[in-house]
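# Structural overview for review
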Amino acid sequence: MSATALEPTVTRARSDFWPKFRRNRNAVAGSIIVSFVVLVAIFARLIAPYEYDETDILFTWAHPSAEHPLGTDALGRDILSRLIVGAQVSLTVAFAVLGITLTIGIMMGMIAGYFGGRLDAAIMRTVDIIFAFPDIIFAILLASVMGPGIITVIVSLSVVWWPGVARLTRSLVLQLRTELYVDAAIASGTPPFTILLRHFLPNIVAPLIVRASIGVGFIIMAEATLSFLGIGVQEPRPSWGGMIRDGIVSLRTEPYLALSASTALGLTIIGFNLFGDGLRDILDPRIKDR
Amino acid sequence: MTALLEVSNLTKDFPVGADFLGRPHAQLRAVDDVSFALAPGETLGFVGESGCGKTTVGRLVLKLLAPTAGTIRFEGVDITSLSEPEMRPRRRDLQVVFQDPYSSLNPRLMVRDIVGEPLRNFGFARDQIDRRVAELMRIVGLPPEYMSRYPHAFSGGQRQRIGIARALAVSPKLVVCDEAVSALDVSIQAQILNLLADIQAQFGLALLFISHNLGVVRHVSHR
């Protein structure tokens, strides 16, 4: 092998990421939807034509018009504006839950997988106990104990979602545990937590990123479910789940509220799932190019 | 003369199978009553057929495994029962070169960080590390410019040289070479063996040379 013919400094995994990404239709479609929703959420207050809590009692259940592109709800509030601010609420919850669960789940999973023994048993039995309940039902239980609100939603969804991350992380760590560079690091005198950060974390991020992007879809759905049931995000702050509930009462006569909120919810979830599936196809070395 | 490494009556059992309470069905004796001593600067060849427990002895000496019975003395100190934090400062004098040059280098780290890892652990500063890594690259016969490449850019023989550079980084007194040349083809084997011999002559370190190949062991060993 001649030295001059080698590409320096860049790893293979990184160098062919973008060409593969561009060829993957799911990933491209997903990323367009995701970036659209994220941008709307970030600039919600600038884009929204009205204040989300501005009522107009004389102008309730208005049909779509130039003034109110998606009509108004039972209190005369602009549906489009509430939809846009609702995106902000959904994504705030999703990314807060993601941040919390990834931190806790990765830490717990790495500790369980690397140290093994009783620590592993204690962590994994806790995970099993939480897994034993259907996740949405467990979240509903926690939310009804803690009382409604956005913090409740974040906490209860974090409680049901970190075990999945922990389990995935643990299995990835167990796979890498037999690599000789881990033994070499121990023999070099590297302390355990440095080994986890330097040798394990960089080698397990790809599957965790995939897991996280698919997880966003679940978290947004779960937040909508809690809000739909009235134990999630509270009025006057808009949430897609709450808007669907308000709209469902008059679905026959005034379908715009429920339909527009459902469409926004569905599209967002599809977007994140497509994006996650696409990332998995690209990052998983077992799936070859077609 | 005191021995650098003194192993006496070393025994290792591995549990085989387990019932639902985690109690093993039987014990497999991988290493049975092994004793040897190694003087500073000496090479001891350790030969045996596949699966006879040579690698296990190497891992026991490195404290990557805990022995079932027996003692390991390094520089006169019994390291058998030391906990990992107690062991860590001593690891400076006790390094390893593994058999598989592919699995022994983290694919996500640059050569600079792989070879520099032991140096970082023992408190060297950034610029000291870079200078030392460049020096080590020259010692093992690789251009120092290759420091900022990732392992995939190297051939098996080059990777093994990187592994050797890592083992030498903190100037250990003993290097355990676990089948250090078995994964390489014959011409590269000779190169690596000569490199190890040169390094030993130059730095006066002891080698515990584990191999299944009698010819290889005869080439490097003092006894």
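Residues numbered from 1 in each chain as written. Chains lettered and ligands numbered in written order. Predicted model: local features only at pLDDT ≥ 70, side-chain atom pairs only at ≥ 80, totals over all residues. Heavy atoms only, no water.

### Some remarks on the interface of chain A and chain B
Many authors give the size of an interface as the accessible area that is lost as the parts come together. Counting from both sides, the interface comprises 27 residues of chain A and, opposite them, 31 residues of chain B. Around 2,700 Å² of area is buried between chain A and chain B when both sides are counted, 53% of it from carbon and sulfur atoms. Scanning the region where chain A abuts chain B turns up 2 salt bridges. With a shortest N-O distance of 2.9 Å, Arg198(A) and Glu117(B) are connected by a salt bridge. Counting across the chain A and chain B interface gives 14 residue pairs in polar contact (both at pLDDT 80 or more). Those elements that provide at least two residues to the side of chain A that touches chain B are α1 (12–15), α9 (180–187) and α10 (192–228) of chain A. It is α9(A) that provides the largest number of residues to the side of chain A that touches chain B, a total of 7 residues. (Contact = heavy atoms within 4.5 Å. Buried area = accessible area lost by both parts, 1.4 Å probe. Salt bridge = Lys/Arg side-chain N within 4 Å of Asp/Glu carboxyl O. Polar contact = N/O pair within 3.5 Å; in protein donor to acceptor, adjacent residues only side chain to side chain. Helix = DSSP H or I, 4+ residues; strand = E, 2+ residues; numbered from the N terminus.)

### Some words on helix α5 (residues 156–168) of chain B
Taking 1.5 Å of rise per residue, 13 residues should cover 18 Å, and α5(B) covers 18 Å from first to last C-alpha, within 8% of that figure. Counting buried residues along α5(B), 13 of its 13 residues qualify, which places the element largely inside the surrounding structure. (Expected span 1.5 Å × (residues − 1). Buried < 20%, exposed > 50% of the residue type's maximum accessible area, 1.4 Å probe, protein only.)

### Considerations on the sheet that holds strand β7 (residues 174–178) of chain B
All names here are of chain B. Spatially, 4 strands are ordered β3-β8-β7-β6 in an open sheet, and the strand pairing comes out parallel. Across the chains shown, the open sheet's two edge strands, defined by having one partner strand only, are β3 (43–47) and β6 (94–97). Averaged over all pairs of adjacent strands, the angle between their axes in this sheet comes to 15°, without regard to strand direction. Two elements, β3 and strand β8 (residues 206–211), share 5 bridges in a ladder whose sense is parallel. (Pairing = 2+ DSSP bridges. Axes fitted to C-alpha atoms, helices over the stretch in contact; angles between N-to-C directions.)

### Examining the environment of Pro163(A)
Mapped onto the secondary structure, Pro163(A) falls in helix α8 (residues 150–176). Between the C-alpha atom of Pro163(A) and that of Pro191(A), which follows or precedes it by 28 residues, the distance is 26 Å.

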